[in-house]
Protein chains: 2
Amino acid sequence: MRKIGKTVIFDKPPKIIGHAGVAGKKEGEGPLAKDFDMIFEDTTMGQQSYELAESAMLHDAIIRSLSNAGVAPSSVDFVLSGDLLNQCMGSAFALKDLEIPSIGLFGACSTMALSLSTGAMLVNGGASCVVCATSSHFCSSERQFRFPLEYGGQRPPTAQWTVTGAGSSVVSNEGRGTEIKAVQIGTITDLGITDANNMGAAMAPAAARTISSFLNDTGSSPEDYNLILTGDLGYTGSQLLYELLEKEHNIKLKGFHKDCGTLIFDLKKQDVNSGGSGCGCSASVLCSHILKQMDKGILKKVLFVATGALMSPTSSKQGNSIPGIAHAVLLER
Amino acid sequence: MRKIGKTVIFDKPPKIIGHAGVAGKKEGEGPLAKDFDMIFEDTTMGQQSYELAESAMLHDAIIRSLSNAGVAPSSVDFVLSGDLLNQCMGSAFALKDLEIPSIGLFGACSTMALSLSTGAMLVNGGASCVVCATSSHFCSSERQFRFPLEYGGQRPPTAQWTVTGAGSSVVSNEGRGTEIKAVQIGTITDLGITDANNMGAAMAPAAARTISSFLNDTGSSPEDYNLILTGDLGYTGSQLLYELLEKEHNIKLKGFHKDCGTLIFDLKKQDVNSGGSGCGCSASVLCSHILKQMDKGILKKVLFVATGALMSPTSSKQGNSIPGIAHAVLLER
């Protein structure tokens, strides 16, 4: 790897040789329905808890991505995965029967970009094949982070809807696929947001920092990309991102940007307030909709910036702020 | 990197150019007192919560390790850190003022070996300098995983005492220090243990798997090492490890092995039942006591195998088993 500023450039870019994004019923009723590799009508996945259902969904996405890549689990050097659940139990139970050496990650909703960035650096450093994956589930997340599902609490307009879904990508030096040309590991950014119902505001400053730093390091501007795709800022966070980039960095992002949280749902019809969120949001959108468009040549150059709100309910109850982070992955076909 | 079986061999080994292990009051009354870089008599660290106290301790260990290495935070490519707290809030709040790109990890008590393994692979792949760190705090862990502190519940003989401590190592291609010659990322192993008060039994099978696999891949046996050091199996887990290795792999470990959980406390005098545990256990012992002995040439070849019980209270309450994992790092001076 070669570094310019905080951006890691790959002269021999690792490739995404297989990918799969799966989703739940509500996501399957949204605008991206036709692109998901699988839509699960029964989001309990036949399991006894929502947490195990999330694991089953992640396991399914990993197996599909390996199958699409034509790679056996035994040929994988490492799987890099994490999730939102306490002690990342979603990943632990998804991975335990795969018998692949496991690097556990925690990046909250930024996990898909964190796993792709770290995985790409490991492949560039000599690993032959890694799996990068993550998941989230509306029912396991909501009851852990906010209120019991049965309570049915009212949600403010800035609130986002945790996506039930998972995504997985197989990254290798060999084979054909979208190239990972550069990555940037994000720096934790905290402007003091304390509202657990306004994740977009907590994450937008981190996204602005990573995007401006990446554009600066690579001497590029938004019009050089087919798409700059953020993880799950939602509608509110996206507006804040435009404002921050324009005021603080003189970068006009609008017109070149989409957000996975606003792509995955129909915000007007599906009652999801500011849009989708959760690790599974950017993971399922990237690993199905976006990478399929890249495979078809519809998109050629995408800067994927997944954002994470490093929110702990314990910390929020103690009155602390919510630090944000955003990692960037430059994808080219 | 070059792989033999599941073991990654570094032909140009990354070096630990700075390290620091810090600990709390009880740990400072134990056998390793003279080796810790700092002992905090007040384990609240002047903070308003035990969680923020853990962050302050981790922050302190990172700064000390950077200072020992003579490296400024701005020269660090990545910091790799994680902890036991929900959503790794210990690390998030420790790192947020350091302004270093952050790779969040989750490996439970195996985190020190996970961060060193992943960090060493990144340095071998071209990063110039990374920080590998982790922490735990008795008060933040016990109330999250088991009972409120005030309850004072009785502890069975197999229970371990979560260490209040943190450790940090600075890894680089340049400079002088203990070399990381090889690493092995562990595979999740689950023999069905469900008792949250018997972490040693949940982790011993993973330790046996990683140790036997590492010895097999490298064609070595226990007598080739000055020390095979496990993370925090404690007394109970260590006995199980000897039994598993002897019965299933015909490897006699006793005599060549120590465990950080039994080193850090005086098991007879300090009322800690089976010994110490927590990410901070192996981190503080390795980054102070062990690496200082290596710097002095007392130990020349150490196989460090930190073990993690991937236990979530949610999962345990749902009756699920506790998967284990163990990562290995070969250290040579």
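The shown structure was predicted, so the numbers you read here are calculated from the model rather than taken from an experiment. (Residues numbered from 1 in each chain as written. Chains lettered and ligands numbered in written order. Predicted model: local features only at pLDDT ≥ 70, side-chain atom pairs only at ≥ 80, totals over all residues. Heavy atoms only, no water.)

Participant: An account of the overall build of chain A is requested, with residue identities and associated values reported.
Facilitator: Within chain A, the regular secondary structure consists of ten helices and 15 strands. Computed over C-alpha atoms, the radius of gyration of chain A comes to 18 Å, within 12% of the 20 Å expected from 2.2 N^0.38 for 333 residues, which places it in the range of a compact globule. In terms of overall dimensions, chain A has C-alpha extents of about 50 × 50 × 35 Å along its principal axes. Counting only residues that meet the buried cut, chain A has 67% of its 333 residues in that class. In chain A, the proportion of contacts linking residues at least 24 apart, taken out of those at least 6 apart, comes to 78%. Per element, the accessible surface of chain A, about 11000 Å² overall, is 48% carbon and sulfur. (Helix = DSSP H or I, 4+ residues; strand = E, 2+ residues; numbered from the N terminus. Rg over C-alpha atoms; globule rule 2.2 N^0.38 Å. Buried < 20%, exposed > 50% of the residue type's maximum accessible area, 1.4 Å probe, protein only. Contact = heavy atoms within 4.5 Å. Areas by Shrake-Rupley, 256 points an atom, 1.4 Å probe, with all protein chains shown as cover.)

Participant: With reference to specific residues and values, describe the interface of chain B and chain A.
Facilitator: Listed per partner, the contact involves 56 residues of chain B and 56 residues of chain A. The contact between chain B and chain A buries some 4300 Å² in all, and 61% of this surface belongs to carbon and sulfur atoms. When residues of chain B are sorted by the area they lose upon contact with chain A, B:Q87, B:F106 and B:I188 head the list and together hold 16% of the total. Across the chain B-chain A interface, the total number found is six salt bridges. The residue B:K3 makes a salt bridge to A:D77 at a minimum N-O spacing of 2.6 Å. Joining chain B to chain A, the criterion identifies 20 residue pairs in polar contact (both at pLDDT 80 or more). Going through the elements one at a time, α2 (50-69), α3 (89-95), β6 (102-104), α4 (111-124), α5 (138-145), α10 (313-317) and β15 (324-332) of chain B are the ones with two or more residues in the side of chain B that touches chain A. The leading source of residues in the side of chain B that touches chain A is α4(B), at five residues. The residue inventory of the side of chain B that touches chain A, partitioned by class, reads 28 nonpolar, 19 polar and nine charged. (Buried area = accessible area lost by both parts, 1.4 Å probe. Salt bridge = Lys/Arg side-chain N within 4 Å of Asp/Glu carboxyl O. Polar contact = N/O pair within 3.5 Å; in protein donor to acceptor, adjacent residues only side chain to side chain. Nonpolar A, V, L, I, M, F, W, Y, C, P; charged D, E, K, R; others polar.)

Participant: Account for the domain arrangement of chain A, with residues named and values stated.
Facilitator: All names here are of chain A. One can read the domain layout of chain A as domain 1 (2-172) and domain 2 (178-332). Relative placement of domain 1 and domain 2: their C-alpha centres are 16 Å apart. If you look at the interface, domain 1 gives 61 residues, while domain 2 gives 62 residues. The interface formed by domain 1 and domain 2 contains one salt bridge. Put simply, D37 and K292 hold a salt bridge, and the shortest N to O gap is 3.8 Å. At the surface where domain 1 touches domain 2, the tally comes to 28 residue pairs in polar contact (both at pLDDT 80 or more). With nine residues, helix α4 (residues 111-124) is the single largest residue contributor to the side of domain 1 that touches domain 2. (Domains from an automatic or database assignment.)

Participant: I'd like a description of helix α2 (residues 50-69) of chain A, backed by residues and values.
Facilitator: Taking 1.5 Å per residue as the helical rise, α2(A) with its 20 residues ought to reach 28 Å, and the 29 Å between its terminal C-alpha atoms agrees with that figure. Among the 20 residues of α2(A), 14 are classified as buried, and the element is accordingly described as predominantly covered. (Expected span 1.5 Å × (residues − 1).)

Participant: Can you explain the pairing of strand β7 (residues 129-136) of chain A? Please cite residues and give values.
Facilitator: Residue and element names in this part refer to chain A. The buried fraction of β7 is high, at eight of eight residues. Burial of β7 is two-sided: the residues C129, V131, A133 and S135 facing one way and the residues V130, C132, T134 and S136 facing the other way are all buried. Two elements, strand β5 (residues 78-83) and β7, share six bridges in a ladder whose sense is parallel. Bridge assignment links L80 to a residue of β7, and that residue is C132. (Pairing = 2+ DSSP bridges.)

Participant: A description of the packing of helix α6 (residues 199-218) of chain B against helix α7 (residues 234-249) of chain B should follow, citing residues and the corresponding values.
Facilitator: Residue and element names in this part refer to chain B. Packing of α6 against α7 leaves a shortest axis separation of 8 Å and a crossing angle of 45°. Of the possible angle classes, the one that applies to α6 and α7 is oblique. In the packing of α6 onto α7, the handedness of the crossing is right-handed. Two secondary-structure elements touch here, α6 through G200, A201, A204, P205, A207, A208, I211 and S212 and α7 through G237, L240, L241, L244, L245 and H249. Its residues assigned to classes, the contact of α6 with α7 shows ten nonpolar, four polar and no charged. (Axes fitted to C-alpha atoms, helices over the stretch in contact; angles between N-to-C directions. Parallel < 35°, antiparallel > 145°, perpendicular 65-115°, else oblique. Left-handed = near helix turned anticlockwise from the far one by under 90°.)

Participant: Can you break down the relation of the copies chain B and chain A residue by residue, with the values?
Facilitator: Mapping chain B onto chain A calls for a rotation angle of 180° and an axial translation of 0.0 Å; the resulting RMSD is 0.0 Å. The superposition operator between the copies reduces to a two-fold rotation axis. A symmetric contact is evident, with 100% of the interface residues of chain B recurring at the interface of chain A. (Least-squares fit on C-alpha atoms with pLDDT ≥ 70 in both.)

Participant: Please give an account of the state of the cysteines that cites residues and values.
Facilitator: Counting across every chain of the model gives zero disulfides over all chains. Among the cysteines around B:C260, which has no disulfide bond, B:C281 carries the closest sulfur, lying 5.5 Å off. (Disulfide = S-S within 2.5 Å.)

Participant: For the side chain of B:S91, give the residues involved together with the corresponding values.
Facilitator: All names here are of chain B. Mapping S91 onto the fold places it in helix α3. Only 3.3 Å separates the side chain of S91 from the backbone nitrogen of G82, close enough to count as a polar contact. Discounting chain neighbours no more than four positions away, the residues touching S91 are L58, S81, G82 and D83.

Participant: Run through the packing of aromatic side chains, naming residues and quoting values.
Facilitator: All names here are of chain B. Scanning the entire structure with this criterion turns up four aromatic pairs over all chains. Taking the centre distance of 4.1 Å and the plane angle of 10° together, the rings of F138 and W161 count as stacked. Placement of the pair is F138 in helix α5 and W161 in strand β8 (residues 161-162), with a sequence separation of 23 residues. On the accessibility criterion, W161 (17% relative accessible area) is buried. (Phe/Tyr/Trp six-rings, centres within 6.5 Å; stacked < 30°, edge-to-face > 60°.)

Participant: Can you tell me about the pattern of salt bridges, naming the residues and giving the values?
Facilitator: Scanning the model with the defined rule gives 30 salt bridges over all chains in all. Salt-bridge contacts for A:K96 lead to B:D190; the nearest nitrogen and oxygen are separated by 2.8 Å. You can see A:K96 sitting in the loop between α3 (89-95) and β6 (102-104) and its partner B:D190 sitting in the loop between β10 (178-184) and α6, one on each of two chains. B:E142 is the partner of B:R155 in a salt bridge, and the nearest nitrogen-oxygen pair spans 3.5 Å.

Participant: Before we move on, could you go through helix α7 (residues 234-249) of chain A and cite the residues and values that matter?
Facilitator: Residue and element names in this part refer to chain A. Taking 1.5 Å of rise per residue, the 16 residues of α7 would be expected to cover 22 Å, and the 21 Å separating its terminal C-alpha atoms lies within 8% of that figure. For α7, the set of buried residues is G234, T236, G237, S238, L241, Y242, L244 and L245. Where α7 terminates, the next one or two residues include N250, which has phi positive at roughly 55°.

Participant: Please provide a residue-by-residue account of the environment of A:L331, values included.
Facilitator: Residues and elements named next belong to chain A. Inspection of the secondary structure puts L331 in strand β15 (residues 324-332). The spatial distance from the C-alpha of L331 to the C-alpha of D77 is 22 Å, given a sequence separation of 254 residues. Contact partners of L331, with chain neighbours within four places excluded, come to I16, T178, E179, I180, L286, L291, M294, K300, K301, V302 and F304.

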